[in-house]
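Fold and geometry: a report
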Amino acid sequence: MAEALDSNYARAGYHARQSWGRRPALLLIDFAVAYFDEGAPLYGGENCQAALDHAVRLAPAARAAGVPVVLTEVKYQPGGADGGAFYAKVPALSCFDAGTETQKLAPGLSVEPDDILITKQYPSAFFGTSLAATLKWMNIDTLLLAGVTTSGCVRATCIDSISNGFVTLVVEDAVGDRAEEPHRANLFDMSAKYADLVSTETAIEYMQQIQKNHDKED
């Protein structure tokens, strides 16, 4: 009889919890209109909308706690000359051509003066961008991830986050996908190997506690 999944993973030591750091940043991944416009090919439905609703709570909570907020956008030259094989593989990426409405940041979120905006052409927020260097300059040790989609750019960023030495937390109710099956499967895998899963409430409490700790030290 095949070994049960939970016992198999427990025997391997997967899903171990990490020690969270003292200098977190919030990373909001690819919350573009493309995922929330019912007429767009990348429309993500209720799962993505729920993620956005939670991200709208996370961003101001992070700013209020003095936690840096980093947003990513996907943007291509019209026609995708800078999109390479990824753009060729996924025709719907034309939703992110510069100048299109679907490329813009989804309603409810904004880039504030102290925020950082990272523009990318590939799934990971780290690939081909200044993100790792910027975070290390800021002495960030922990990344809270929210965004879309769970199985795509969130997962790719999660793997690169831990690969770059950051304790990685995925805010599981603030990430979304177009279907529940890949969403749940990728949350399970990220929890097993790369990140801790936390709720929006836990993420906010963590950021507020960081602020309190810093206030005591001042």
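One structure accompanies this document, and this report is about it. These numbers come from a predicted model, not from an experiment. (Residues numbered from 1 in each chain as written. Predicted model: local features only at pLDDT ≥ 70, side-chain atom pairs only at ≥ 80, totals over all residues. Heavy atoms only, no water.)

Assigned secondary structure in the protein chain consists of 7 helices and 6 strands. The helix and strand sequence of the protein chain, counted from the amino end, reads α-β-α-β-α-β-α-β-α-β-α-β-α. Against the compact-globule benchmark of 17 Å for 218 residues, the protein chain has a radius of gyration of 17 Å, which places it among compact chains. Classification of the 218 residues of the protein chain by burial places 47% in the buried group. Taking as baseline every contact in the protein chain between residues at least 6 positions apart, the subset at least 24 positions apart corresponds to 78%. Working note: accessible area of the protein chain is about 10400 Å², and carbon and sulfur atoms make up 53% of it. Side-chain charges in the protein chain split into 17 positive and 28 negative, and the spacing between the mean points of these groups amounts to 5 Å. (Helix = DSSP H or I, 4+ residues; strand = E, 2+ residues; numbered from the N terminus. Rg over C-alpha atoms; globule rule 2.2 N^0.38 Å. Buried < 20%, exposed > 50% of the residue type's maximum accessible area, 1.4 Å probe, protein only. Contact = heavy atoms within 4.5 Å. Areas by Shrake-Rupley, 256 points an atom, 1.4 Å probe, with all protein chains shown as cover. Lys, Arg positive; Asp, Glu negative; His and termini not counted. Charge placed at Lys NZ, Arg CZ, Asp CG, Glu CD.)

Of all 6 residues making up strand E2 (residues 69-74), 6 are buried, and the element is well covered by its neighbours. As paired elements, strand E1 (residues 24-29) and E2 share 4 bridges and run parallel to each other. In the strand pairing of E2, Ile 29 is matched with Thr 72. Taken together, E1, helix H2 (residues 45-64) and E2 form a β-α-β motif whose crossover is right-handed. Sheet analysis places E2 next to strand E3 (residues 116-120), joined by 5 bridges and oriented parallel. Across the sheet, residue Glu 73 finds its bridge partner in E3, namely Thr 119. (Pairing = 2+ DSSP bridges. Right-handed = clockwise from strand over helix to strand, strands pointing away.)

Right, let's talk about the sheet that holds strand E6 (residues 196-198) for a bit. Strand order across the open sheet formed by 6 strands is E3-E2-E1-E4-E5-E6, with parallel pairing between neighbours. With one partner strand each, in any of the chains shown, E3 and E6 form the two edges of the open sheet. Across this sheet, the average inter-strand angle for adjacent strands is 25 degrees, counted without regard to direction. On the sheet, helix H7 (residues 200-217) packs against E1, strand E4 (142-148), strand E5 (167-176) and E6 and is oriented at approximately 140 degrees with respect to E5. (Axes fitted to C-alpha atoms, helices over the stretch in contact; angles between N-to-C directions.)

On to the pattern of salt bridges. What the rule picks out here adds up to 11 salt bridges. Put simply, Glu 217 and Arg 22 hold a salt bridge, and the shortest N to O gap is 2.3 Å. On the criterion of sequence distance, the pair formed by Glu 217 in helix H7 and Arg 22 in the loop between helix H1 (5-12) and E1 is long-range, its members being 195 residues apart. Residue Arg 63 pairs with Asp 115 through a salt bridge whose shortest N-O separation is 2.7 Å. (Salt bridge = Lys/Arg side-chain N within 4 Å of Asp/Glu carboxyl O.)

Relative to the helices and strands, Glu 73 is located in strand E2. Taking the relative accessible area as the measure of exposure, Glu 73 reaches 16% and is therefore buried. Excluding residues that lie within four positions of it along the chain, Glu 73 makes contacts with Asp 30, Gln 103, Leu 117, Ile 118, Thr 119 and Lys 120.

Moving on, we come to the state of the cysteines. A covalent bond between the sulfur atoms of two cysteines is what we call a disulfide. Summed over the entire model, instances satisfying the criterion amount to 0 disulfides. With no disulfide partner, Cys 95 has as its closest neighbouring cysteine sulfur the one in Cys 48, 13 Å distant. Free of any disulfide, Cys 158 has its nearest neighbouring cysteine sulfur in Cys 153, separated by 13 Å. Owing to a relative accessible area of 0%, Cys 158 belongs among the buried residues under this scheme. (Disulfide = S-S within 2.5 Å.)

A cis amide bond links Val 148 with the next residue in sequence, Thr 149, at an omega value of -5 degrees. Within the fold, Thr 149 resides in the loop between E4 and helix H5 (150-163). Phi is positive for Asp 30, which is not a glycine, with a value near 60 degrees. Mapped onto the elements of the fold, Asp 30 is located in the loop between E1 and H2. Phi is positive for Asn 139, close to 60 degrees, though the residue is something other than glycine.

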